[in-house]
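The chain contents come next:
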Amino acid sequence: MKNKFLHIALIAIATCGTLTAQNNKVAKGTKQYDNYAYVDAIKTYERIFAKGYKSQDMLQKLGDSYYYKGDYDNAAKWYTELFAFTKEVNPEYYFRYAQALKATKDYKKADEMMAAFNQKSGNEQRAKLAASQKDYMAQIKKNSGRFTLENAGINSEYSDYGTAYYGNKVVFSTARDTGGIGKRKHTWTGESFTNLYTADMGEQGALSNPKRMNEGLNSRFNESTSAFTKDGKTVYFTRNSFLTKREKNSKGSTLQKIYTATLENGKWVNIKELPFCSEDYQVAHPTLSADEKTLYFASDMPGTKGVSDLYKVSINGDGTFGTPVNLGDVINTEGRETFPMIAADGEFYFASDGHPGLGGLDVFMAKVQPDGSFKRVHNVGEPVNSSKDDFAFIINAKDRTGYVSSNRDGGNGNDDIYRFKENTRLVDCEQAVHGIVTDKETGKPLAGVSVVLQDQNFKILKEMKTDAEGKFDFGTQDCETKFYIKSTLPEYNTVDTPLMTPNESGKTFVPVEMERTVKPVTVGDDLFKAFGIKIIYFDLDKSNIRPDAAVELAKILDILEQYPAMEIDVRSHTDCRQTYKYNMSLSDRRAKSTVAWLIKNGIAAGRLTGKGYGESQLVNDCACEPTNKSECTEEQHQANRRSEFIITKL
């Protein structure tokens, strides 16, 4: 049995209402559900529903039974019945319903369910991802079409999945039964337990001649998903935690664990459970790094944030293991992350239903950074991904061929293995973020400025000092991402510069201008230029102080209060409309109005002079004498209706 989901989260058992005649049957179905006997549970529940009996608990379990089997069409059917019965459900059902709807390609309704899930689930990673990637379908479309994909050639009418390279062969898991009379079936899927098989690998990855591995790895129950060292002498593989009889842990569950074995004289021996496995949680789906010093796997061990998370553990030179490390929030969500695979070039592939996808499990890729972290996750797109479960992706980094497992429509059995050729690489969209910091007044570069790159939540990503030329370089950053650049330097005002990187790879240049906190001024300076004060504008044919002008005049007032010996000359100007004489009079009234406002607010009259210049000093080519007409826009005319403040004494 493959365990795409790693483990099943059991839901608290509730009664099916007061339908006494059906209590025993409902109890039977619930017991079968809790024992993972989903095939039998489905039959029991569906017979009850056909007779007109239903409850929230029963509909949830019916939907879940199909959901966990990967039959999303029927899961969507029963979740639809559930939401028709009641909307008072756990937020998780909005997520499961959305995933099932995607499998039926009803993406519009699926997005509605995800929006509701986002609203109801609070600060949840899957909800955040869905909210932040509302255009995920466009991104998936952009990543699609890079593969050619076809049936691998060795699929049966049963489940075949989970490939691993083994020299010139491929090892895979299969539920095909070659055991003769004593066929053992699993009540979850109705199929035989899975064993490991080999297949010959031909040109372009075509597989042939499937054979059961009879060298000691297969037992009476489940083996699946393996990883081999390059020399073919050591294997890591997934197995149930029992061999000769069915043993359960304290919770009544049969768990999956990772085992290792070595090849001696053509037979796998020294089969051992890895030391970090436990009777209290699942550990499965191993894969090895290229240097064979790190093992990646899926687990629901303590510290897991979702149904299953991905972990890594170091393999020491003496064969011992380090402490498992969770791969973190970039990779793991509250959903299912499983079936990891790391290619020789550092591309990390995994299956997930927590990241936005096409439905069910999708295959995703993230590049491992030099420090072992991850920056961004990409959906690899169609045709590798479909509306159903797509998982167990492996790739040869040199020739870009590989295999993926899927239960998509058109296959031979429940799950099938497909071979592919990647024709175009998926390149991380990155922007090289760099810039320069200059003095706003002089334009000269500022050295030694502390520049800090922050994410949209103001978490510090990088920090440095500008060089002698005022330049800084934050290296490559993600596309379509919001950042803030904080620049600080003594005697200058701190500047926070927002940045949204483009959606294509390239370079982003960020110019930053900083103003001095204390600015030197002298006689003849314009306070507007020296202190960055906005021009005092007036409405057409008006001389009264506008509210926005009062804000700027308050700045002038503050400067005059700071410098009690300072005297200024207020110079008022108009646009060209009306007569030259009228405008001269209007501007004079505006100058006097400005001076009067300052005097009213406490500035001695002897420190202020004011004069109107009419339309004699226009700032643009908007003259209109002698007709008093102009084709300039209102905005252009307003630029001429202004007041200026010139220092006449300090």
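Every residue gets a number counted from 1 within its own chain, in the order that chain's sequence is written. Since the coordinates come from a predicted model, pLDDT governs what is reported: local features require at least 70, and pairs of side-chain atoms require 80 or more to be given and counted, while whole-chain, interface and lining totals use all residues. The basis for the side-chain values is all heavy atoms of the structure; hydrogens and waters are excluded.

A word on the nonpolar core
Thinking step 1. Residues enter a nonpolar core if they are buried and are Ala, Val, Leu, Ile, Met, Phe, Trp, Tyr or Cys, with the set joined through side-chain atoms within 4.5 Å. Partly exposed residues are those whose accessible area sits between 20% and 50% of the maximum for their type, while under 20% is buried and over 50% is exposed, using a 1.4 Å probe and protein chains only. Tyr67, Tyr79, Leu82, Phe83, Tyr94 and Met113 are the most contacted members of the largest nonpolar core, which has 30 residues in total.
Thinking step 2. Secondary structure follows DSSP: runs of H or I at least 4 residues long count as helices, runs of E at least 2 residues long count as strands, and numbering of each begins at the N terminus. At the level of elements, helix 2 (38-50), helix 3 (56-69), helix 4 (72-85), helix 5 (91-103) and helix 6 (107-121) are the ones that each hand at least two residues to this core.
Thinking step 3. When residues in this core are grouped by element, the largest group, eight residues, is from helix 5.
Thinking step 4. Setting aside residues up to four positions removed in sequence, Met113 forms contacts with Phe83, Tyr94, Tyr97, Ala98 and Leu101.
Thinking step 5. Counting residues in each nonpolar core, the second largest holds 24 residues, with Ile154, Tyr197, Phe393 and Tyr403 among its members. Note on definitions: a residue-residue contact is assigned when non-hydrogen atoms from the two residues lie within 4.5 Å.

Things to note about the sheet that holds strand 12 (residues 309-314)
Thinking step 1. Taken in spatial order, the four strands line up as 10-11-12-13 in an open sheet, and their pairing is antiparallel. Across the chains shown, the open sheet's two edge strands, defined by having one partner strand only, are strand 10 (283-288) and strand 13 (325-326).
Thinking step 2. Sheet topology note: the strand 11 (residues 294-299)/strand 12 ladder contains six bridges and is antiparallel. When the bridges of strand 12 are listed, Ser299 appears paired with Asp309. Pairing between strands is defined by DSSP: at least two bridges between them are needed.

Let's talk about empty space enclosed by the protein
Thinking step 1. Of the two site types, the cavity is a set of points on a 1 Å grid over the protein atoms alone where a 1.4 Å probe fits but cannot get out, and the pocket is an open set with protein on both sides within 12 Å along at least five of seven lines, each lined by residues with an atom within 4 Å of a point. Grid points are joined across faces, edges and corners, and a volume is the space filled by probe spheres set on the points. For the structure shown, the criterion picks out four cavities of 30 Å³ or more.
Thinking step 2. Estimated volume of the second largest cavity: approximately 70 Å³.
Thinking step 3. Along the walls of the second largest cavity sit ten residues, with Tyr67, Tyr68, Glu92, Val307 and Arg336 positioned nearest its centre.
Thinking step 4. At the level of secondary structure, the elements contributing two or more residues to the lining of the second largest cavity comprise helix 3 and helix 5.
Thinking step 5. Top element by residues in the lining of the second largest cavity is helix 5. It accounts for three residues.
Thinking step 6. Lys, Arg, Asp and Glu make up the charged group, whereas Ala, Val, Leu, Ile, Met, Phe, Trp, Tyr, Cys and Pro make up the nonpolar group; the residues left over, Gly among them, are polar. In terms of residue class, the lining of the second largest cavity is built from four nonpolar, one polar and five charged.

Some words on the side chain of Ser224
Thinking step 1. The residue Ser224 is located in strand 6 (residues 223-228) in this model.
Thinking step 2. Separated by 3.5 Å, the side chains of Ser224 and Thr225 make a polar contact.
Thinking step 3. With near-sequence residues (within four places) excluded, Ser224 lies in contact with Tyr161, Ser173, Thr194, Leu196, Phe237, Thr238 and Gln256. Polar contact is the term for a pair of N or O atoms within 3.5 Å; when the atoms are in protein, one must be able to donate a hydrogen and the other to accept it, and sequence-neighboring residues count only if both atoms are side-chain atoms.

Shape descriptors only; they carry no functional weight alone.
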